[in-house]
Amino acid sequence: MSPDASGAPPLRIAILGAGWVSRTVWRPLLEAHPAFEVAAVVDTDQAAARKVAAGGREVPALSRTAELADLELDAAVIALPNHLHVPAACELLDRGVPVFVEKPVCRTLAEARTLAAAALEGGAVHAWSAARHRGDVRALAGLLPRLGEVRALGLNWTRASGVPQRDGWFVDRGLAGGGSLLDLGWHLLDVGLDLLGWPQVTRALGTLSLDWMGRAEATSDWRAQADDAGPGAVRAALVEDTARGFLLTDTGVAVSLESRWASHHALDSTTFTVEGTEGVAVLRCTFGFSPHRVDRSSLTLLRHGEETGVPLPEEPVGVEYERQVAELAARLTGTRAEGTPTRADSLAEITSLASCVDRLYQAARGPGPAVPAPSLETTRPRLRSL
């Protein structure tokens, strides 16, 4: 890759993980952006690593994160199985290498704190949902001032038949950490809490179910089932395919959440409902790459009995990931637009998200150790020294 328009040499970035998201999203988009040069692909499955590494340039396919110590790196993308996110990130942060961690960044609040502690000693941690960069989401954000005081937020991502995998780490609760709540709910909470300005969550109720895991018709038909699964079939301690939860914020906003890998619906849809004292805004779209999409995104504003459609930009599927890569380049090179979150903000957001997920799982699974709910305000002072 040649230098970018500024004349600076490209950032040398490693990709950890050779699954679907690395092969389909990260490798092609990083190579297409002038600020980046893929320096290595790491995966214990060497055949998969070589497949991701294959392209116009010769890129090393490595089997262990430790092998990256021999390379000069400017950053790394971590797209490994969930249970490896934090260990790999900490190993790189100890070397001072900034990391972008795929969702879910971590499985628990304890892991979020481990990540924050490692970042205090080393490089920066970057993580946010690509969905923040969708034009329809930004249009929804632009409506918020017209809604008055926000009282309620509804978050829903329902797939018609989209259980991603049947076997391996992905459906093993001990390794994955959770199912649809972590997989889909992390995106919903990331976008939803960002819309609300990241309030503190004070209470949680939740329920989990796995009614669809044993139904063959619920399997995703747009992603190969063998992909990322790893050896061995998992039959115990399965993750949930459906999660329903309720959160209350310190600002008095009631947040309802539903995440479903499968359902009786015909299409995959993502819905955000924001109710305020002066109106209600509803965004209906489809996050991600599923071909079973709603025809097009729609945004409506309901005020005083009148419903008005809000014009939305026509965007190709997946364009938000291109913008995410561009934003990562801006953060790594220090050319972020004014108002973009700092590295401290990213860690505070990760901690807040992990706390919400912990509280929902704890509420759904029954009594256990209390999960504290750190706010951004209490987290930021400790992290601003980064």
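Residues numbered from 1 in each chain as written. Predicted model: local features only at pLDDT ≥ 70, side-chain atom pairs only at ≥ 80, totals over all residues. Heavy atoms only, no water.

- The name an unreviewed UniProt entry gives the protein chain is Gfo/Idh/MocA family oxidoreductase, with Streptomyces cathayae as the organism.
- Reading the Sequence similarities (unreviewed entry) entry of the UniProt record for the protein chain gives the comment "Belongs to the Gfo/Idh/MocA family." (UniProt positions renumbered as here; feature names shortened; annotations may be inferred.)

### Some remarks on the overall build of the protein chain
Okay, so step 1: Each helix and strand counted, the protein chain has ten helices and 14 strands in total.
Okay, so step 2: Within the protein chain, the fraction of its 386 residues that count as buried is 56%.
Okay, so step 3: Within the protein chain, counting contacts between residues at least 6 apart in sequence, those at least 24 apart form 75% of the total.
Okay, so step 4: Here the protein chain displays about 16,200 Å² of accessible surface, and carbon together with sulfur accounts for 52% of that area. (Helix = DSSP H or I, 4+ residues; strand = E, 2+ residues; numbered from the N terminus. Buried < 20%, exposed > 50% of the residue type's maximum accessible area, 1.4 Å probe, protein only. Contact = heavy atoms within 4.5 Å. Areas by Shrake-Rupley, 256 points an atom, 1.4 Å probe, with all protein chains shown as cover.)

### Description of the environment of T351
Okay, so step 1: Checked against the element boundaries, T351 lands in helix α9 (residues 343–365).
Okay, so step 2: With 236 residues separating them along the chain, T351 and L115 place their C-alpha atoms 9.3 Å apart.

### What to know about the sheet that holds strand β5 (residues 99–101)
Okay, so step 1: The strand order β3-β2-β1-β4-β5-β6 describes an open sheet built from six strands, whose pairing is parallel. Edge positions in the sheet fall to β3 (61–62) and β6 (125–126), since each of these pairs with one other strand and no more.
Okay, so step 2: Sheet analysis places strand β1 (residues 11–16) next to strand β2 (residues 36–42), joined by six bridges and oriented parallel. Its bridge partner being in β2, I13 is matched across the sheet by V38.
Okay, so step 3: The sheet contacts of helix α1 (residues 20–32) involve β1, β2, β4 (75–78) and β5, and relative to β1 the element is tilted by about 175 degrees. (Pairing = 2+ DSSP bridges. Axes fitted to C-alpha atoms, helices over the stretch in contact; angles between N-to-C directions.)

### Focus: helix α8 (residues 319–333)
Okay, so step 1: With 15 residues, α8 ought to run about 21 Å at 1.5 Å a step, and its terminal C-alpha atoms sit 22 Å apart, in line with that.
Okay, so step 2: By the burial criterion, the buried members of α8 are V319, E320, Y321, Q324, V325, E327, L328, A329, A330 and R331. (Expected span 1.5 Å × (residues − 1).)

### Section: the pattern of salt bridges
Okay, so step 1: Applying the stated criterion across every chain yields a total of 14 salt bridges.
Okay, so step 2: Between E111 and R107 there is a salt bridge, with its nearest N and O atoms 2.7 Å apart.
Okay, so step 3: Take E111: its relative accessible area is 13%, and that puts it in the buried class.
Okay, so step 4: Since its relative accessible area comes to 18%, R107 is described here as buried.
Okay, so step 5: Among the ionic contacts, a cluster of salt bridges with common partners joins R132, D190, D194 and E349. (Salt bridge = Lys/Arg side-chain N within 4 Å of Asp/Glu carboxyl O.)

### A look at the sheet that holds strand β12 (residues 279–285)
Okay, so step 1: Read from one edge of the open sheet, eight strands run β8-β9-β10-β7-β11-β12-β13-β14, paired in mixed fashion. At either margin of the open sheet sits one strand with a lone partner, and together these are β8 (201–209) and β14 (306–310). Strand-to-strand twist in this sheet, taken as the mean axis angle between neighbours without regard to direction, amounts to 10 degrees.
Okay, so step 2: Sheet strands touched by helix α5 (residues 135–143): β11 (269–276), β12, β13 (298–303) and β14. Its angle to β12, the strand with the most contacts, is close to 180 degrees.
Okay, so step 3: Contacting β7 (150–158), β9 (242–249), β10 (254–260) and β11, helix α7 (residues 180–196) crosses the sheet at an angle of about 150 degrees to β10.

### A look at the nonpolar core
One recurring pattern in soluble globular proteins is that nonpolar side chains are buried together.
Okay, so step 1: Grouped together as the largest cluster of nonpolar side chains are 83 residues, with contacts concentrated most on L16, L68, I78, V125, F272 and I350.
Okay, so step 2: In terms of residue count, α7 provides more of this core than any other element does, nine residues in total.
Okay, so step 3: What L16 contacts, discounting residues up to four positions off in sequence, is V42, T65, L68, A76, V77, I78, A79, L80, A88 and L92. (Core = buried A, V, L, I, M, F, W, Y, C linked by side-chain atoms within 4.5 Å.)

### Considering unusual backbone geometry
Okay, so step 1: Residue P104 is bonded to the preceding K103 through a cis peptide linkage, with omega at -15 degrees.
Okay, so step 2: With respect to the secondary-structure elements, P104 resides in the loop between β5 and α4 (109–121).
Okay, so step 3: The phi dihedral of W198 is positive, around 60 degrees, even though this residue is not glycine.
Okay, so step 4: Considering the arrangement of structural elements, one finds W198 in the loop between α7 and β8.

### Here we look at the side chain of R107
Okay, so step 1: Mapped onto the elements of the fold, R107 is located in the loop between β5 and α4.
Okay, so step 2: At a separation of 2.7 Å, a polar atom in the side chain of R107 contacts the side chain of E111.
Okay, so step 3: Engagement of the side chain of R107 in a polar contact is seen with the backbone oxygen of G174, the distance being 2.9 Å.
Okay, so step 4: The contacts of R107, once residues within four sequence positions are left out, are N82, H83, G174, L175, A176, G177, L182 and D358. (Polar contact = N/O pair within 3.5 Å; in protein donor to acceptor, adjacent residues only side chain to side chain.)

### Side note on the side chain of E240
Okay, so step 1: Relative to the elements of secondary structure, E240 occurs in the loop between β8 and β9.
Okay, so step 2: In this structure, E240 is buried with no salt-bridge partner, the nearest side chain bearing the opposite charge being R365 at 4.4 Å.
Okay, so step 3: A polar contact is formed between the side chain of E240 and the backbone nitrogen of G179, at a distance of 2.9 Å.
Okay, so step 4: In this structure E240 touches G178, G179, S180, L181, L182, L208, S209, L210, W261, Y361 and R365, once residues within four positions along its chain are discounted. (Lys, Arg positive; Asp, Glu negative; His and termini not counted.)

### Regarding the pairing of β12
Side-chain direction in a regular strand flips from residue to residue, so the side chains alternate between the two faces of the sheet.
Okay, so step 1: Residues G279, A281, L283 and C285 of β12 are buried on one face, while the alternating residues V280, V282 and R284, pointing to the opposite face, are not.
Okay, so step 2: Pairing of β11 with β12 involves seven bridges; the strand directions are antiparallel. Paired with T271 across the two strands is R284, which belongs to β12.
Okay, so step 3: Hairpin connection from β11 to β12: two residues lie between these consecutive antiparallel strands.

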